[in-house]
Amino acid sequence: MGADPEADEESEVGGLRTVPVQQRSTERLARILDACGALLDETGYEQLSTRAVAARAGVPIGSVYRFFVNKRAMADALGRRNLDGYTEGIADRLATLDPNDWRGAIDAVLDEYLSMKRTVPGFSLVDFGAQLPLGTRPQPLDRIPVDPATDPNHRVARRLAGLLSSHLGRAPDPALHRTVLVAVEAADALLQLAFRTDPAGDPWIVGETRKLLRAYLARTFD
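Residues numbered from 1 in each chain as written. Predicted model: local features only at pLDDT ≥ 70, side-chain atom pairs only at ≥ 80, totals over all residues. Heavy atoms only, no water.

Looking only at helices and strands, one finds nine helices and zero strands in the protein. Overall, the protein shows an N-to-C arrangement of helices and strands of α-α-α-α-α-α-α-α-α. Residues counted as buried form 45% of the 222 residues belonging to the protein. Residue pairs at least 24 apart in sequence account for 62% of intrachain contacts in the protein once pairs closer than 6 positions are excluded. Carbon and sulfur atoms form 56% of the exposed surface of the protein, whose accessible area is close to 11700 Å². (Helix = DSSP H or I, 4+ residues; strand = E, 2+ residues; numbered from the N terminus. Buried < 20%, exposed > 50% of the residue type's maximum accessible area, 1.4 Å probe, protein only. Contact = heavy atoms within 4.5 Å. Areas by Shrake-Rupley, 256 points an atom, 1.4 Å probe, with all protein chains shown as cover.)

Let's shift gears to the packing of helix 7 (residues 152-168) against helix 8 (residues 174-197). For the pair helix 7 and helix 8, the least separation of the axes is 8 Å and the interaxial angle reads 125°. It follows from the interaxial angle that helix 7 and helix 8 lie oblique. Once helix 7 is placed against helix 8, the crossing between them reads as right-handed. Touching Asn153, His154, Val156, Ala157, Arg158, Leu160, Ala161, Leu164 and Ser165 of helix 7 are Leu176, His177, Val180, Leu181, Val184, Glu185 and Asp188, all from helix 8. Split into classes, the residues belonging to the contact of helix 7 with helix 8 amount to nine nonpolar, four polar and three charged. (Axes fitted to C-alpha atoms, helices over the stretch in contact; angles between N-to-C directions. Parallel < 35°, antiparallel > 145°, perpendicular 65-115°, else oblique. Left-handed = near helix turned anticlockwise from the far one by under 90°. Nonpolar A, V, L, I, M, F, W, Y, C, P; charged D, E, K, R; others polar.)

This part is about the nonpolar core. The nonpolar side chains of a soluble globular protein tend to be buried with one another. Ranked by internal contacts, the top residues of the largest apolar core, which has 37 residues, are Tyr86, Leu160, Leu164, Val180 and Phe221. Elements that contribute at least two residues to this core include exactly helix 4 (71-94), helix 5 (102-119), helix 7, helix 8 and helix 9 (203-221). When neighbours within four sequence positions are excluded, Phe221 is seen to be in contact with Trp102, Ile106, Leu164, Leu168, Arg170 and Leu176. Judged by nonpolar contacts, the second largest core, of 23 residues, contains Leu40, Ala57, Phe67 and Leu78. (Core = buried A, V, L, I, M, F, W, Y, C linked by side-chain atoms within 4.5 Å.)

Under the 1.5 Å per step criterion, the end-to-end length of helix 5 is 26 Å for 18 residues, consistent within 8% with the ideal 26 Å. Within helix 5, 13 of the 18 residues are buried, which leaves it mostly tucked inside the rest of the structure. (Expected span 1.5 Å × (residues − 1).)

One pass over the full model with this rule turns up seven aromatic pairs. Their ring planes at 35° and their centres at 4.9 Å tell us that Tyr86 and Phe128 sit as a pair that is tilted. Taken together, the residues span a long stretch of sequence, with Tyr86 in helix 4 and Phe128 in the loop between helix 6 (123-126) and helix 7 at a distance of 42 residues. Like Phe128, Tyr86 is buried. Seen from their ring centres, Tyr113 and Phe128 are 6.0 Å apart, and the 55° between their planes marks the pair as tilted. Here Phe128 lies in the loop between helix 6 and helix 7 and Tyr113 lies in helix 5, a separation of 15 residues in the sequence. For Phe128, a relative accessible area of 4% gives the class buried. Each member of the aromatic cluster is reached from another via a ring pair, and the members are Tyr86, Tyr113, Phe123 and Phe128. Over the ring of Tyr45 we find Lys71, and its NZ or CZ is 4.5 Å from the ring centre. (Phe/Tyr/Trp six-rings, centres within 6.5 Å; stacked < 30°, edge-to-face > 60°. Lys NZ or Arg CZ within 6 Å of the ring centre and 35° of its normal.)

What follows is the structure, given as structure tokens:
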């Protein structure tokens, strides 16, 4: 067989088997992830298949396997893309805020998450990284060691610590990262409850989450 004119260097960066370097490959990957998100909302993870994603994206099935070894890797890549979008959205919100207003910065972090939760296809199941079963979190009794390099909430905490330290003029030290990680874990649990209670996010629980975050983070930022 002849060489694929779109062939890129093999890599495991970001969970991808191949990292696209040409615009056509990048656009094809985006279509695949868009299709994955849409089908997750329509069918759930168990019924998701690489063949269905290829058909929805309008690409050959080989293109899906060129990027992903299986549907779990594809869902995780969708989560990583969501995290990139989340980071960009928060940065845009922070750019309009007073650097001394840390409460406004925390509101921006929460509001961007709520916006994505309500509008981004597949986000309700994947958010920032695939868990199995999808849409769940490991429980304490599972006794499964958390890998900070791959755990979605550690990913989020690292990004948020960097954004907040830059915006507020603080050093991005380990203590700040630990504090942000605790806030992320607490907010994650409460917001899961909010969206289980109401598909749009129960307003009272969301409000209580906002209060909890402000009260906890005041010890660090006041």
